[in-house]
Amino acid sequence: MLHLNLQAFGESLVCCLFSREWNVRETALRRLSKDINTVFLEGSSTQNMAAFEAGCSLLSMMCGDPVYRVYVAALVCINFYYEFSPTFVNLINIHNSSS
């Protein structure tokens, strides 16, 4: 799954999410929130589905972070995902129909 995360969001962002420093993780989540629009609107449907799955995986991990500020940043990022939910529902439907 790490390979999908690196492909979807880049090595720099993913490495920051795994940092020992909480402020680096928080900043990476804020950057992820800002990059969601770009990542999901510029790729093909296959790339978008992979990015969606990778993002969900990262966010589920980050929601378990013991630092409150990182946890809140993860929730804010999930909210950005939710805002794009009509796009994601279409992606999931496309993915399921092609399987």
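Reading guide: rules and limits
- Residues numbered from 1 in each chain as written.
- Predicted model: local features only at pLDDT ≥ 70, side-chain atom pairs only at ≥ 80, totals over all residues.
- Heavy atoms only, no water.
- Helix = DSSP H or I, 4+ residues; strand = E, 2+ residues; numbered from the N terminus.
- Buried < 20%, exposed > 50% of the residue type's maximum accessible area, 1.4 Å probe, protein only.
- Contact = heavy atoms within 4.5 Å.
- Areas by Shrake-Rupley, 256 points an atom, 1.4 Å probe, with all protein chains shown as cover.
- Core = buried A, V, L, I, M, F, W, Y, C linked by side-chain atoms within 4.5 Å.
- Patch = residues over 30% accessible without salt bridge, like charges linked within 9 Å, V, L, I, M, F, W, Y side chains within 5 Å.
- Salt bridge = Lys/Arg side-chain N within 4 Å of Asp/Glu carboxyl O.
- Disulfide = S-S within 2.5 Å.

## Some points on the overall build of the protein chain
Along the backbone of the protein chain there are six helices and zero strands. Reading the secondary structure of the protein chain in the N-to-C direction produces α-α-α-α-α-α. Put simply, the protein chain has 99 residues, and 32% of those count as buried. A sequence separation of at least 24 residues applies to 64% of the contacts in the protein chain between residues at least 6 apart. Of the roughly 6000 Å² of accessible surface on the protein chain, a fraction of 57% belongs to carbon and sulfur atoms.

## Focus: the nonpolar core
Within the largest apolar cluster, 20 residues are counted, with the highest numbers of intra-cluster contacts made by Phe9, Leu17, Leu29, Leu32, Leu59, Met62 and Tyr81. The set of elements that each furnish at least two residues to this core consists of helix 1 (2-9), helix 2 (11-17), helix 3 (22-42), helix 4 (45-62) and helix 5 (68-83). For this core, the element with the most residues is helix 4, which contributes six residues. Discounting residues that sit within four places of it in the chain, Leu29 has contacts with Leu17, Leu59, Met62, Val70, Ala73, Ala74 and Cys77.

## Focus: the side chain of Ser33
Here Ser33 lies in helix 3. Those residues in contact with Ser33 that sit more than four places away from it in its chain are Val76, Cys77 and Phe80.

## Considering a nonpolar patch on the surface
A surface patch of nonpolar side chains, amounting to about 390 Å² of accessible area, comprises Tyr68, Tyr71, Leu75 and Ile78. Tracing the chain through its elements places Leu75 in helix 5. Classification of Leu75 as partly exposed rests on a relative accessible area of 37%.

## Details of the pattern of salt bridges
For the structure on display, the rule yields three salt bridges. For Arg30, the salt bridge is made with Glu26, and the minimal N-O distance between the two is 2.9 Å. With a gap of four residues between them, Arg30 and Glu26 both fall in helix 3, about one helical turn apart. The exposure class of Glu26 is buried, given its relative accessible area of 6%. Of the charged contacts in the structure, one is a salt bridge between Glu26 and Arg69, with a shortest N-O distance of 3.3 Å. Of this pair, Glu26 sits in helix 3 while Arg69 is found in helix 5, placing the two residues 43 residues apart along the sequence.

## Concerning the state of the cysteines
The full count for this structure, using the stated rule, is zero disulfides. Free of any disulfide, Cys15 has its nearest neighbouring cysteine sulfur in Cys16, separated by 7.1 Å.

## Re the environment of Arg25
In this structure, Arg25 sits in helix 3. For Arg25, a relative accessible area of 9% puts it in the buried group. Along the backbone, Arg25 and Ala73 are 48 residues apart, and their C-alpha atoms lie at a distance of 9.0 Å.

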